[in-house]
Amino acid sequence: MTPARQATEGDCDEIVRLRALMYESMGTVSSQLTTWRAVTGEVLRAELGSDHPEVMVYVIDADDGGLAACATGMVHRRLPSPTNPTTLAGHVSNVCTDTAYRRRGYARACMTGLLNWFATRGITRVDLRTSAEAEPLYESLGFRRTSDPAMRREIG
């Protein structure tokens, strides 16, 4: 398996490009929404340039100098609970592989790097949302469906 590496500030534009591909695959026409790209780039540059990032991205380099795949994780501070007695939890916000590089184990490599990063931070609980297509990958990495229904309220 090709090992993933931690992203650097120089990878930010490619991470945003892959994130746009992910949104488009879910039916969101990201080209109509331009503000999020600039803000995402700013957040990534600040976090990836930090000595103690709360956001980490693992990537696989593509043959053309860009990125083939990425997985992004965030650390959240939460109140302890019976199922997570620490104050930290992880969240995987996006995993995306460029269409030309799929079915090579790149998403697995990026997720493995990210899960190891969470473990070094003492994080024992990591959440994510997935498509039906990607569910077998996450199950093979130890993720399980929860009984908690997801809900959201959009303000504004």
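The structure this text deals with has already been given above.
Residues numbered from 1 in each chain as written. Predicted model: local features only at pLDDT ≥ 70, side-chain atom pairs only at ≥ 80, totals over all residues. Heavy atoms only, no water.

**Observations concerning the overall build of the protein chain**
Phase 1 of the analysis: A tally of regular secondary structure across the protein chain gives four helices and five strands.
Phase 2 of the analysis: Reading the secondary structure of the protein chain in the N-to-C direction produces β-α-α-β-β-β-α-β-α.
Phase 3 of the analysis: Taken over C-alpha atoms, the radius of gyration comes to 16 Å for the protein chain, in line with the 15 Å a tight globule of 156 residues would show.
Phase 4 of the analysis: Principal-axis analysis of the C-alpha atoms places the extent of the protein chain at approximately 45 × 45 × 35 Å.
Phase 5 of the analysis: Counting every position in the protein chain, which comprises 156 residues, the buried fraction comes to 38%.
Phase 6 of the analysis: Within the protein chain, contacts between residues at least 6 apart in sequence are counted, and of these 61% link residues at least 24 apart.
Phase 7 of the analysis: Carbon and sulfur atoms provide 51% of the accessible area of the protein chain, an area that totals close to 9,700 Å². (Helix = DSSP H or I, 4+ residues; strand = E, 2+ residues; numbered from the N terminus. Rg over C-alpha atoms; globule rule 2.2 N^0.38 Å. Buried < 20%, exposed > 50% of the residue type's maximum accessible area, 1.4 Å probe, protein only. Contact = heavy atoms within 4.5 Å. Areas by Shrake-Rupley, 256 points an atom, 1.4 Å probe, with all protein chains shown as cover.)

**Structural notes on the pattern of salt bridges**
Any two side chains of opposite charge can pair if their charged atoms end up close together.
Phase 1 of the analysis: Evaluation of the coordinates by the stated rule reveals nine salt bridges.
Phase 2 of the analysis: Its salt-bridge partner being Asp13, residue Arg45 comes within 2.8 Å of it at the nearest N-O pair. Of this pair, Arg45 sits in helix α2 (residues 35-48) while Asp13 sits in helix α1 (residues 12-25), and the two are 32 residues apart along the sequence.
Phase 3 of the analysis: What makes Asp13 exposed here is its relative accessible area of 55%.
Phase 4 of the analysis: The residue Arg125 makes a salt bridge to Asp127 at a minimum N-O spacing of 3.7 Å. (Salt bridge = Lys/Arg side-chain N within 4 Å of Asp/Glu carboxyl O.)

**Here we look at the side chain of Glu135**
Phase 1 of the analysis: Within the fold, Glu135 resides in helix α4 (residues 135-140).
Phase 2 of the analysis: Reaching out from Glu135, the side chain makes a polar contact with the side chain of Arg145 at a distance of 2.8 Å.
Phase 3 of the analysis: Residues in contact with Glu135, not counting those within four places in the same chain, are Thr130 and Arg145. (Polar contact = N/O pair within 3.5 Å; in protein donor to acceptor, adjacent residues only side chain to side chain.)

**Notes on the sheet that holds strand β5 (residues 126-128)**
Phase 1 of the analysis: Taken in spatial order, the five strands line up as β1-β2-β3-β4-β5 in an open sheet, and their pairing is mixed. Sheet topology places β1 (5-6) and β5 at the edges, where each strand pairs with a single neighbour.
Phase 2 of the analysis: As judged from the three bridges shared by strand β4 (residues 88-97) and β5, these two strands associate in the parallel manner. Within β5, the position partnered with His91 by the bridge is Asp127. (Pairing = 2+ DSSP bridges.)

**Here we look at the layout of surface pockets**
Phase 1 of the analysis: Its boundaries defined by the atoms lining it, the largest pocket holds a volume of some 1,800 Å³.
Phase 2 of the analysis: As for the largest pocket, its lining consists of 48 residues, of which Leu128, Arg129, Thr130, Ser131 and Tyr138 are closest to the centre.
Phase 3 of the analysis: Elements supplying a minimum of two residues to the lining of the largest pocket: α1, β4, α3 (106-120), β5 and α4.
Phase 4 of the analysis: When residues in the lining of the largest pocket are grouped by element, the largest group, seven residues, is from β4.
Phase 5 of the analysis: Taken as a whole, the second largest pocket encloses approximately 230 Å³ of empty space.
Phase 6 of the analysis: Lining the second largest pocket are Ile15, Arg19, Tyr23, Trp36, Thr40, Val43, Leu44, Val55, Thr72, Met74, Ser93 and Asn94.
Phase 7 of the analysis: Listed by contribution, the elements that provide at least two residues to the lining of the second largest pocket are α1, α2, β3 (67-77) and β4.
Phase 8 of the analysis: The dominant element in the lining of the second largest pocket, judged by the number of residues it contributes, is α2, at four residues.
Phase 9 of the analysis: Across the lining of the second largest pocket, the residue classes tally to seven nonpolar, four polar and one charged. (1 Å grid on protein atoms, 1.4 Å probe; cavity = no way out; pocket = protein on both sides within 12 Å on 5 of 7 lines; lining within 4 Å. Points joined across faces, edges and corners; volume = space filled by probe spheres on them. Nonpolar A, V, L, I, M, F, W, Y, C, P; charged D, E, K, R; others polar.)

Purely geometric numbers; function is a separate question.
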